[in-house]
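Inside the fold
Letter by letter, the chains look like this.
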Amino acid sequence: MSEFRQVGGRIGAEIKGVDPNELPLEEINEALLTHKALIFRGANLDEEGQLRFARRFGALTKAHPTVPSVEGRPEILPVDRAEGIRANVWHTDVTFVRTPPKLSTLRALVVPPYGGNTLIANAAAAYRDLPEQLREFADRLWAIHTNAYDYALPRTNTQEAIEYRRTFTSRRYQTAHPVVRVHPESGERGLFIGGFAQKIVGLSASESRDILRILQAYVTRPENILRVQWNPGDLVLFDNRITQHYAPDDYGDLPRVLHRVTVAGDVPVGVTGETSYIVEGDDAAHYTPVQAA
């Protein structure tokens, strides 16, 4: 039986030199629920291998609600700095739709000789760190998540970068999610916010910014963060329901190419049992299989 080695005090475990498609699914899922993010060092999967691995956890989403996929691979999103776009903002993948992905997989194809890491944060640990009064306050809050904000700003005002921004917001989405989400498998509570969360329901923009800033500061405490230093062939799996991630823009004009495949998720549920609801846009059925709460 293989063993995952814990690599962070609060988040992260890794395993080396094994094909993740050969590991028992129950073992992987148990490790994921415990550690929130798993690194498969030297997995060396190709596109078919990554798709096969992700499908073990459920139906796949398309690559993105608005951004094109790898040519001929509708479920694979290229994460490529060549367009001058850097998503160096803490976020959880695609929370602007009602059914964000359950899990995300990232596979390293080309990595720079320095920098280009991925940071992943444990949102459950962040929730536990909150003072009791702040936890009770957060339990009652709802936030509007949207793709119509400066999530991926171009480094240069090139025509390609302008077009990317236009594509990213070509369909506008706003969804209200509970600020504290109950994990559907573990029952843990986690702060479900990040960059796409732009406004607290019922509060002004300035009040929302202040509250989200306070809560987000707990997510990004150093003790809650795993830093993934990539090698070509590595695969990372993280639980999109209870983590955030960030890709620091610290590698200049060096090439960096990852491929992302995400597993379709369910409708987030808050501590009172209420579920997320659409404010603007549709149910993104073209992107993800829609599941009831």
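Scroll up to find the structure this text is about.
Being a predicted model, the structure only gives us computed values, none of them experimental.

So, how was this worked out
Residues numbered from 1 in each chain as written. Predicted model: local features only at pLDDT ≥ 70, side-chain atom pairs only at ≥ 80, totals over all residues. Heavy atoms only, no water. Salt bridge = Lys/Arg side-chain N within 4 Å of Asp/Glu carboxyl O. Helix = DSSP H or I, 4+ residues; strand = E, 2+ residues; numbered from the N terminus. Buried < 20%, exposed > 50% of the residue type's maximum accessible area, 1.4 Å probe, protein only. Phe/Tyr/Trp six-rings, centres within 6.5 Å; stacked < 30°, edge-to-face > 60°. Lys NZ or Arg CZ within 6 Å of the ring centre and 35° of its normal. Axes fitted to C-alpha atoms, helices over the stretch in contact; angles between N-to-C directions. Parallel < 35°, antiparallel > 145°, perpendicular 65-115°, else oblique. Left-handed = near helix turned anticlockwise from the far one by under 90°. Contact = heavy atoms within 4.5 Å. Nonpolar A, V, L, I, M, F, W, Y, C, P; charged D, E, K, R; others polar. Pairing = 2+ DSSP bridges. Polar contact = N/O pair within 3.5 Å; in protein donor to acceptor, adjacent residues only side chain to side chain.

Turning next to the pattern of salt bridges. Under the definition given, this model contains 17 salt bridges. A salt bridge links R128 to E188, with the nearest nitrogen and oxygen atoms 3.1 Å apart. Taken together, the positions of R128 in helix α3 (residues 123-129) and E188 in the loop between β9 (180-182) and β10 (189-191) put the pair 60 residues apart, joining distant regions of the chain. Judged by relative accessible area, which is 21%, E188 ranks as partly exposed.

Right, let's talk about the packing of aromatic side chains for a bit. Per the counting criterion, the structure on display carries 7 aromatic pairs. Clustering of aromatic rings is evident, with ring pairs tying together F4, F40, F53 and F57. Looking at R181, its charged tip hangs above the ring of F192, at a distance of 5.0 Å from the centre.

For the rest of this paragraph, the subject is the packing of helix α4 (residues 132-139) against helix α6 (residues 205-219). Contact pair α4 / α6: the axes reach a minimum separation of 12 Å and the direction vectors enclose 120 degrees. Judged on the interaxial angle alone, α6 and α4 are oblique. As α4 packs across α6, the resulting crossing turns out to be left-handed. Contact residues: L134, F137 and A138 in α4; I211, I214, L215 and Y218 in α6. Among the residues making up the contact of α4 with α6, the classes are represented as 7 nonpolar, no polar and no charged.

With that settled, the discussion passes to the sheet that holds strand β12 (residues 225-228). Across a sheet, strands are paired by hydrogen bonds formed along the backbone, either parallel or antiparallel in direction. Here 3 strands make up an open sheet; going across it, the order is β12-β6-β14 and the pairing antiparallel. Single-partner strands in this sheet number two, and they are β12 and β14 (243-246). Taken over all neighbouring pairs, the strand axes of this sheet differ in orientation by 20 degrees on average, direction set aside.

Residue placement: T105 occurs in strand β5 (residues 103-110). Here the alpha-carbon distance between T105 and V261, two residues 156 residues apart in the chain, equals 5.3 Å. Sequence-distant contacts of T105, that is, excluding residues within four places in its chain, are made with Q50, F53, A54, L235, V236, L237, H259, R260 and V261. Polar side-chain contacts of T105 include one of 3.1 Å to the side chain of Q50.

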